[in-house]
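Structure at a glance
Here is how the chains run, residue by residue.
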Amino acid sequence: MAAAEVFSSADCGPVRLSDHPNGAWFVLCGGEAQSLQGGPYATREFVHTSIPFVGEAYAALRSAGVPMERIITIAQLDDYLRYLRSGVAEAIPDQQIPGHYYQEQLDRTSASCARWLAESEGGRADYDHADVNAATFMNVLAGKRTGAESKVVPADSDAPVFFGLYSHGDSHAAKREGGEGAGEVVPHSYHSAEWFIHFPYPAPGAEEGQNNATDMYDFVATEGQSNHRNLLYATQIRLALHALASPSSSSSSASRKKRPVISLLNCCRSGGLLEFMRRPSAIQPDLALFLMCSSQGHRDSLVSGFWSAFFSELRDTLRRGSGSDTDMMQLFFVAERRYHRENKYEALNHLKEAAFSYDIWQSEFHFSGARVGNVDPWHLDLTAALTTAWESEPASDNDNGPDWTALERLQQSYETGGAFRVTTKPSAQRPTHLVRGVTQPIEGVAQLQDGRWVLWTRSRQHLGERLSGTAGRSPLQPLESSNGRPVHENEKTQLLFEGDEVAPELATQPYRVRITAWKGSNAGRSVDLVETIKRIYADKIAIPGQVHNRHIEGRSVHELLRSHARGT
């Protein structure tokens, strides 16, 4: 594929990205812990943390029209694939996993990195094998070549820079208390801790000919970490940003526009890596900065984390071309909501652990195509309510939080008898109703011990959700209302408990159920679902974050990353 790729946009027509010599540079870096992927094959883990996600990001950028010569990759692409091929051949010492599993993993990884592999030289990242280290990352951003063919962000350019780094992350204490009680670790804060990102290979030392590594760690409080040369510290990232802010040789600091730098650090505890931007006394890099993280400084990130959601939204935004006025804050908000929609399973599991309805839990519900009792309306209702919370429009431009109205309505419907009805008479047969003139069993029903039947009143909407993939309906739109009335537009993103309309031909009455804690000291006590989910997100869920300065506010993503020109 030619480097001067042409893509189409409904807003701006054909655009040739290489017509912009000062367009953005994109650095994609995939790290990994040394203990997992940096040693002999016999010590390595079967699954690589970052390679598939770097492949995903590369494909997203290329699909958006970013030229491949503007993308720099630092990752174990060839290194990891060689390891997998050795596993396929069962040539790894003391190999415990059969070769066919390595083949399956090789196929999955190759598929995730298909475009990257097709466009790379020899199936390698720009920096591969032992070059996947912290010094390489610093060199690339600083424009320091380690070889004639080294690909780096040009040191004499004011072009925008984006860098994304996917790896493991953590922190350690930077100092200990002195005096009485010496040796006690100071509680973590930016005053007393260092956050870092793992790399599989160590940064070379000065004795190995890497001049930049001479004192690369001299100014970092490594606190005796034996493997510190495998770590990239927040202090070093800040130094790299200051290097990017240095005036280029081709423009004066007085006349040039502040260089835009955007980053995404996707690793556990990544929020701590950005704490320097929040320090009132810290000297900030002279850049237009927008820095993102996948979690708080004290919390582990989810697998894929914010990374997949962000690159999907970035791709779509860039594809819209110059007609899009989306700025970085808006892009972050959209990506954050996508992240929460696509990763709601963790919040869902915590909520199900904190609250349940005993009456519904003990019932065995009938759904066509599933074993009796295998489908749980409580699970379906909570899933739909969490989905709706993140699909609803934000309350304002400054409030990107979820709308918990659906969850509030769920609780109200359960407790008032709107979510379930119960037949007034016992019957040995599963209840039926007419659908387009055909008698069919009612979905979502459970028989009580006295022979009466409990009817879930959102079953018709659930059926709409199951069939919406081919019917073109909203994920929460029912196939039709029982009385034939049209579905109002604002109902399509609500939980539609139909009450006595679910089966008007049957004699039913409200079936009220309680929502309570199911274990612990509060077992059996009523639970407020909205307050509970708020605590879950505050205390247990990895929340993406961002820090930025005023120099980047209001500037469109297209301006920042596609057609930025020096002095404009």
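Going by the structure above, here's the rest.
Being a predicted model, the structure only gives us computed values, none of them experimental. (Residues numbered from 1 in each chain as written. Predicted model: local features only at pLDDT ≥ 70, side-chain atom pairs only at ≥ 80, totals over all residues. Heavy atoms only, no water.)

Here's the deal with the overall build of the chain
Helix and strand counts for the chain stand at 16 helices and 17 strands. When each of the 568 residues of the chain is scored for burial, the buried share is 52%. Taking as baseline every contact in the chain between residues at least 6 positions apart, the subset at least 24 positions apart corresponds to 75%. About 25,400 Å² of surface is accessible on the chain, with carbon and sulfur atoms providing 48% of the total. (Helix = DSSP H or I, 4+ residues; strand = E, 2+ residues; numbered from the N terminus. Buried < 20%, exposed > 50% of the residue type's maximum accessible area, 1.4 Å probe, protein only. Contact = heavy atoms within 4.5 Å. Areas by Shrake-Rupley, 256 points an atom, 1.4 Å probe, with all protein chains shown as cover.)

As for the packing of aromatic side chains
Taken as a whole and assessed by the stated rule, the structure comprises 31 aromatic pairs. Taken together, the ring pairs in this structure connect Phe26, Phe53, Phe162, Tyr166, Phe290, Phe306, Trp307, Phe310, Phe311, Phe332, Phe333 and Tyr339 into an aromatic cluster. (Phe/Tyr/Trp six-rings, centres within 6.5 Å; stacked < 30°, edge-to-face > 60°.)

Describing the environment of Thr146
As for its placement among the helices and strands, Thr146 is situated in the loop between α6 (134–142) and β5 (161–166). For the pair Thr146 and Thr136, spaced ten residues apart in sequence, the C-alpha to C-alpha distance is 8.6 Å. Of note is the side chain of Thr146, whose polar atom sits 3.3 Å from the side chain of Ser150. (Polar contact = N/O pair within 3.5 Å; in protein donor to acceptor, adjacent residues only side chain to side chain.)

A few points about the layout of surface pockets
Taken as a whole, the largest pocket spans an internal volume of roughly 630 Å³. Along its surface, the largest pocket is lined by 29 residues, and Ala125, Asp126, Tyr127, Glu149 and Lys151 are the ones closest to its centre. Of all the elements, α6 adds the most residues to the lining of the largest pocket, at three residues. Per-class residue counts for the lining of the largest pocket are eleven nonpolar, eight polar and ten charged. (1 Å grid on protein atoms, 1.4 Å probe; cavity = no way out; pocket = protein on both sides within 12 Å on 5 of 7 lines; lining within 4 Å. Points joined across faces, edges and corners; volume = space filled by probe spheres on them. Nonpolar A, V, L, I, M, F, W, Y, C, P; charged D, E, K, R; others polar.)

What to know about helix α8 (residues 305–319)
For α8, the tally of buried residues reaches twelve of 15 residues, placing the bulk of the element in the interior. Every buried residue of α8 is listed here: Gly305, Phe306, Trp307, Ser308, Ala309, Phe310, Phe311, Ser312, Glu313, Leu314, Thr317 and Leu318. Gly321 sits one or two residues past α8 and shows a positive phi near 75 degrees.

Section: the pairing of strand β4 (residues 71–74)
Of the two faces of β4, both are covered, the one formed by Ile71 and Thr73 as well as the one formed by Ile72 and Ile74. Bridging between strand β3 (residues 25–30) and β4 involves four bridges; their strand directions are parallel. Its bridge partner lying in β4, Val27 is registered against Ile72. (Pairing = 2+ DSSP bridges.)

Details of the pattern of salt bridges
For the structure shown, the criterion picks out 17 salt bridges. Between Arg115 and Glu119 there is a salt bridge whose closest N-O contact spans 3.1 Å. You can see Arg115 and its partner Glu119 sitting in helix α5 (residues 114–119), four residues apart, about one turn around the helix. Judged by relative accessible area, which is 24%, Arg115 ranks as partly exposed. When the shortest N-O distance is used, the salt bridge between Arg338 and Glu342 registers 2.9 Å. Here the residue Arg338 and the residue Glu342 both occupy positions in helix α9 (residues 328–342), the gap between them amounting to four residues, near one helical turn. By relative accessible area, Arg338 is classed as buried at 18%. One salt-bridge network, in which partners are shared between bridges, spans Arg62, Arg115 and Glu119. (Salt bridge = Lys/Arg side-chain N within 4 Å of Asp/Glu carboxyl O.)

Observations regarding the sheet that holds β4
Taken in spatial order, the six strands line up as β4-β3-β5-β9-β10-β17 in an open sheet, and their pairing is mixed. One side of each edge strand has no neighbouring strand; the edge strands of this open sheet are β4 and β17 (545–548). Each strand of the sheet is rotated relative to its neighbour by a mean of 10 degrees, with strand direction disregarded. Note that strand β10 (residues 288–293) and β17 share four bridges and pair antiparallel. Bridge assignment links Met292 to a residue of β17, and that residue is Gln546. Seen against the sheet, α8 touches β3, β5, β9 (260–266) and β10 and runs at an angle of roughly 140 degrees to β9. (Axes fitted to C-alpha atoms, helices over the stretch in contact; angles between N-to-C directions.)

Concerning the packing of helix α13 (residues 405–416) against helix α15 (residues 529–539)
Where α13 meets α15, the axes come as close as 9 Å, and the angle between the chain directions of the two elements is 140 degrees. The orientation of α13 with respect to α15, classified from their angle, is oblique. Contacts between α13 and α15 involve Leu407, Glu408, Leu410 and Gln411 from the former and Leu529, Val530 and Ile533 from the latter. Here the contact of α13 with α15 is built from residues that sort into five nonpolar, one polar and one charged. (Parallel < 35°, antiparallel > 145°, perpendicular 65-115°, else oblique.)

Examining the side chain of Thr457
Tracing the sequence through the fold places Thr457 in the loop between β15 (453–456) and α14 (459–471). Leaving out residues up to four positions away in the same chain, Thr457 has contacts with Gly418, Ala419, Phe420, Arg421, Leu496, Phe497, Glu498, Gly499 and Val502.

Quick notes on α9
Because an α-helix completes one turn every 3.6 residues, residues spaced three or four positions apart along the sequence face the same direction. In this model, α9 (15 residues) spans 21 Å end to end at C-alpha, consistent with the 21 Å of a helix rising 1.5 Å per residue. Of all the positions in α9, only Met328, Leu331, Phe332, Phe333, Ala335, Glu336, Arg337, Arg338, Tyr339 and His340 are classed as buried. You can read the cap of α9 off the contacts: a side-chain oxygen lies 3.2 Å from the backbone nitrogen of Met329, and it is on Asp327. (Expected span 1.5 Å × (residues − 1).)

Description of the nonpolar core
Within the largest apolar cluster, 52 residues are counted, with the highest numbers of intra-cluster contacts made by Phe162, Met292, Phe310, Phe311 and Leu561. Excluding residues within four positions of it along the chain, Phe162 makes contact with Trp25, Phe26, Val27, Leu28, Ile262, Ser263, Leu264, Met292, Phe310, Phe311 and Leu561. Membership of the second largest hydrophobic core comes to 50 residues, among which are Val152, Ile237, Ala240 and Cys267. (Core = buried A, V, L, I, M, F, W, Y, C linked by side-chain atoms within 4.5 Å.)

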